[in-house]
Amino acid sequence: MTDAATLNATLAGRYAVEREIGAGGMAVVYLANDLRHRRKVALKVLRPELAAVIGAERFLREIETTANLQHPHILPLHDSGTVEGTAFYVMPYVEGESLRDRLRRETQLPIDDAVRIAREVASALDYAHRHGVVHRDIKPENILLHDGQALVADFGIALAVSSAGGGSRMTETGMSLGTPNYMSPEQAMGDREITPRSDVYALGCVLYEMLLGEPPFTGPSAQAVIARVVTEEPRSLTQQRKSIPLHVNAAVHMALEKLPADRFASAAEFSTALATPSFTGAYASPQAVPPRRSTREWLLDRRTLGTVGALAVLLGAALLAMWWRRPDADGPVLRTVIAPPDSMRSFISSPFAGRAASSPDGRIVAFSLAREDSTVLLVKLPDRFEPWAVPGGGRWPVFSPDGRWLAYHRDAAIWKVRVDGGDPVRVGALANVPLWTLAGLAWHRDGNLYCATHAGLWRLPSAGGEATMLRPVDSTGMFLMGPSAAPDGRLLVTVPRGRAWRLALLAPDGNVLTELPDDIGGPGWFVGDILVFWRGQFSAGRFDLDKLAITGEPVGVSDVPAYSSYGLTAVYAGTSGGGRAEIVWVSRSGVVAPTGLPVASYRWPRLSPDGSRLATALNDSRISVFHLATRGRVGLPPTNAGEPVWTQDGRRVLTSFGSVASLIGLAMRAADGNQRIDTIIAPSREETWPTDISRGDSLVVFYGTRGDDPSDILVLNLRSKETRRVEIPGAQRGGRLSPDMRWLAYQSTENGRSEVFVQPWPALDARHMVSPDGGDEPSWSRDGRELFFRQDDRMMAVRVAPGPGFQPGDPVELFRGAYMRDIATDQSYDVAPDGRFLMLRPASEARQEIQVIYNWGTELRRRLDEANRKQESTR
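Residues numbered from 1 in each chain as written. Predicted model: local features only at pLDDT ≥ 70, side-chain atom pairs only at ≥ 80, totals over all residues. Heavy atoms only, no water.

## Looking at the packing of helix α8 (residues 196-212) against helix α11 (residues 246-255)
The contact between α8 and α11 brings their axes to 8 Å, and the two run at 140°. Classified by the interaxial angle, the pair formed by α8 and α11 is oblique. Helix-helix and strand crossings are classified by hand; for α8 and α11 the assignment is left-handed. Counted together, V200, Y201, G204, L207, Y208 and L211 of α8 and V248, V252 and A255 of α11 form the full contact between these two elements. (Axes fitted to C-alpha atoms, helices over the stretch in contact; angles between N-to-C directions. Helix = DSSP H or I, 4+ residues; strand = E, 2+ residues; numbered from the N terminus. Parallel < 35°, antiparallel > 145°, perpendicular 65-115°, else oblique. Left-handed = near helix turned anticlockwise from the far one by under 90°. Contact = heavy atoms within 4.5 Å.)

Here it is in structure tokens:
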């Protein structure tokens, strides 16, 4: 066996081996120093008997594919090579413990910890599976815990052994691929084709053990364990630990099904089921009516499925028919998610995708997913598992009053299609108005479609014909958005008033506009006789259309975001994790460390000049300042602020401020929470978003938009009050001055896609493109010797040589990962003085999905009734 002395002699100049720290079935592990990068690493040497069977060189060729796996919960592969004909591979040294170590210490984990760890591993598996890699050896020993977060190790090593020829000859070594307690039945039986569902089975075994203290099948020998894996059913989790939620029990049992086809199709589906309380074991669907616990466990026993299957289908169909005939009756409020087909997962869900919609009876949902060059429009029917795609795609879906048709926007026109399929029909366009300015679409019971654009409100017959302008933008620039039908036939619209949005009722002829009281803000919509409106947060209350007033006590609505469509069923496009993130440190080599800040919806993270504090928008667009050492938080006024930028002395923060009515200015406020606000640029029709403050706090860099014009970089001299506009073709944003104030970096679309450029400041007489393959979010290092930018999921760096001219090197990838990006491509990371990167990592892997709350109106009525009863009891 290769020892530490031999390794040190062979790897001199590259690695210095300290000691052996572990040994497994395939490799011996050494703690070593990476001399080139000055870091601790785990150097794993393949066992000689295994190398003799498969060949070291062939093994190394096969594991090259795993080196490209970059994910927050995957331990990366740094390096590989051979020593005296034996292969070695190098991974980061993780200070912490393995999941096996923790299980030895605790035996059973808290349920929340176990589920969280399983979901983190599932996100890593789903990522690898989508890149064609199956792990094949998921077990507690291969799951490392670094600051409580799961890291999957040896990713693809077992696959490399099998692919390199070892799979058929492993009996010669006395070793096997995988561990019997966590092997899927097909892997235990030696199937040649091992799919991602095998990893799902293994993860189910690991979660089972985390919850109960032992895997589902044990025995005195490997042969005995395999025999039980193939022939026996696992015992119910809830029978052995009653505190385990029913949906977790059901999810684990589905992951442990004998037939791969009966398991979850992906690790991501397994993760979603673990987070979905309504999941019952067959599939997470609104059609599933959760039975009582004893019945449910009986149904989970596969021996009884044939007996009760037909009865369950008939009973379920009857219950659903009753529910659908009375969609507004009291009934179960069901929450679920709908993931788009795999071929459409590259599309993003965002407010600008065109929202989502539910049919008037709440049975059918439609949603749009978009990316820069195209959109998809999906329709989910209650009798189909998968949503179907509308040919040609589209945005802004809206259902006809009878629920049989769906209207939407595509290619500068309004189209419609039958909800059960068919060819789309072009309804018509609006004269000389580009429909990308569409701000809302409604299908009225009078047979007309009402379209709100930045030009005004239009009426278009749903049967086709000419569009009519009903209410143009007035002299104050007022425009309407978000028309929806009110119970009395009028249109509920949202109009800007000063720095706030107000709700108003508009007659279908466009002549009479009746504004609601000032404390009933927009956006809003009706759910039967209940009005959902904005009052510092979304609220709901019963609304008297004659008195134009909320009757009774309103309630807060915290489980729905903006930019959504709601009726009896609530539907909104989003991602798993709901946009929530954890703020983490990432080293230049991609090693992740937690900051300890709470998981929340963050935006625009900005470090103070000394790196001790963090300014960021937190949940409600209010800027908060965190002290990273103590994790204390200070909220800054006002609430409607964004894009924080620190002054060089770290005492103040510059932000945008204003309203959603396109009135955005710049203001300065103290970082300690002092209420004083100093206006730098008053709110105007040109939106202004700050990106940098120069040395000496003399210059403010921001980008601005005028109406529909592309955005430009602007530089304000705070002493002379003069503003200089950097006018370049295309749209620019993200301007940042180098620390020596000699260079201005920014992103621009002048070449047809986003690229990072650098120009000399203040001359601006030359342009240097530093991202030949696309890039955005530029940021300088604190010494100005490097320029960083993002390129898809990669963090790139360009060295800048000192001298009179701009002398950039070639872009170099530092690390990659599924870190969050801003929907407007504003900077969503920052660089600390010590060179670490502050990144936003999704709380769970962001997957495209539509979140649905069936019978949402029932929940609102119940909550309003409770609020009114409490109010009456206090009188």
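## Notes on the nonpolar core
L99, F155, L207, M210, F264 and F270 are the most contacted members of the largest nonpolar core, which has 53 residues in total. Where this core is concerned, the elements lending two or more residues are α4 (99-106), α5 (111-130), β7 (143-146), β8 (149-152), α8, α9 (222-231), α11 and α12 (267-274). In this view, L207 contacts A114, V115, A118, V252, F270 and L274; residues no more than four positions away in its chain are not counted. Ranked by size, the runner-up nonpolar core spans 16 residues in total, among them I664, W689, L699 and I728. (Core = buried A, V, L, I, M, F, W, Y, C linked by side-chain atoms within 4.5 Å. Buried < 20%, exposed > 50% of the residue type's maximum accessible area, 1.4 Å probe, protein only.)

## Re the pattern of salt bridges
Here the structure, examined in full by the defined rule, presents 37 salt bridges. R14 is paired through a salt bridge with D79; the nearest N and O atoms lie 2.5 Å apart. Separated by 65 residues along the polypeptide, R14 in the loop between α1 (4-10) and β1 (15-23) and D79 in strand β4 (residues 79-83) bring together distant segments of the chain. The shortest N-O distance in the salt bridge between D529 and R542 comes to 3.9 Å. Separated by 13 residues along the polypeptide, D529 in the loop between β26 (521-527) and β27 (530-534) and R542 in strand β28 (residues 538-544) bring together distant segments of the chain. Look at D529 and you get partly exposed, because its relative accessible area is 41%. (Salt bridge = Lys/Arg side-chain N within 4 Å of Asp/Glu carboxyl O.)

## Topic: the sheet that holds β8
With antiparallel pairing, the 3 strands of this open sheet are ordered in space as β6-β7-β8. Two strands lie at the open edges of the sheet, namely β6 (97-98) and β8, each paired on one side alone. Sheet analysis places β6 next to β7, joined by 2 bridges and oriented antiparallel. Residue pairing across strands places E97 opposite L145, the latter belonging to β7. Packed onto the sheet, α5 meets β7 and β8 and runs at close to 35° relative to β8. (Pairing = 2+ DSSP bridges.)

## Quick word on the environment of Y408
Looking at where Y408 falls in the secondary structure, it is placed in strand β15 (residues 405-410). For the pair Y408 and L377, spaced 31 residues apart in the sequence, the C-alpha separation amounts to 8.9 Å.

## Re unusual backbone geometry
In this model, W761 is joined to P762 through a cis peptide bond whose omega is 5°. One can find P762 in the loop between β48 (755-760) and β49 (768-769). A positive phi is found at D697, a non-glycine position, where the angle reads about 55°. Look at D697 and you get buried, because its relative accessible area is 18%. Phi angles above zero are rare outside glycine, and E777 is one such case at about 55°.

## Thoughts on the packing of α8 against α12
Think of two packed helices as two axes; the pair is described by the angle between the axes and how far apart they sit. Contact geometry of α8 with α12 gives a least axis separation of 10 Å together with a crossing angle of 35°. The interaxial crossing formed by α8 with α12 has right-handed handedness. The segment α8 lies against α12, with V200, L203, G204 and L207 engaging A267, F270 and L274. Class assignment for the residues of the contact of α8 with α12 results in 6 nonpolar, 1 polar and no charged. (Nonpolar A, V, L, I, M, F, W, Y, C, P; charged D, E, K, R; others polar.)

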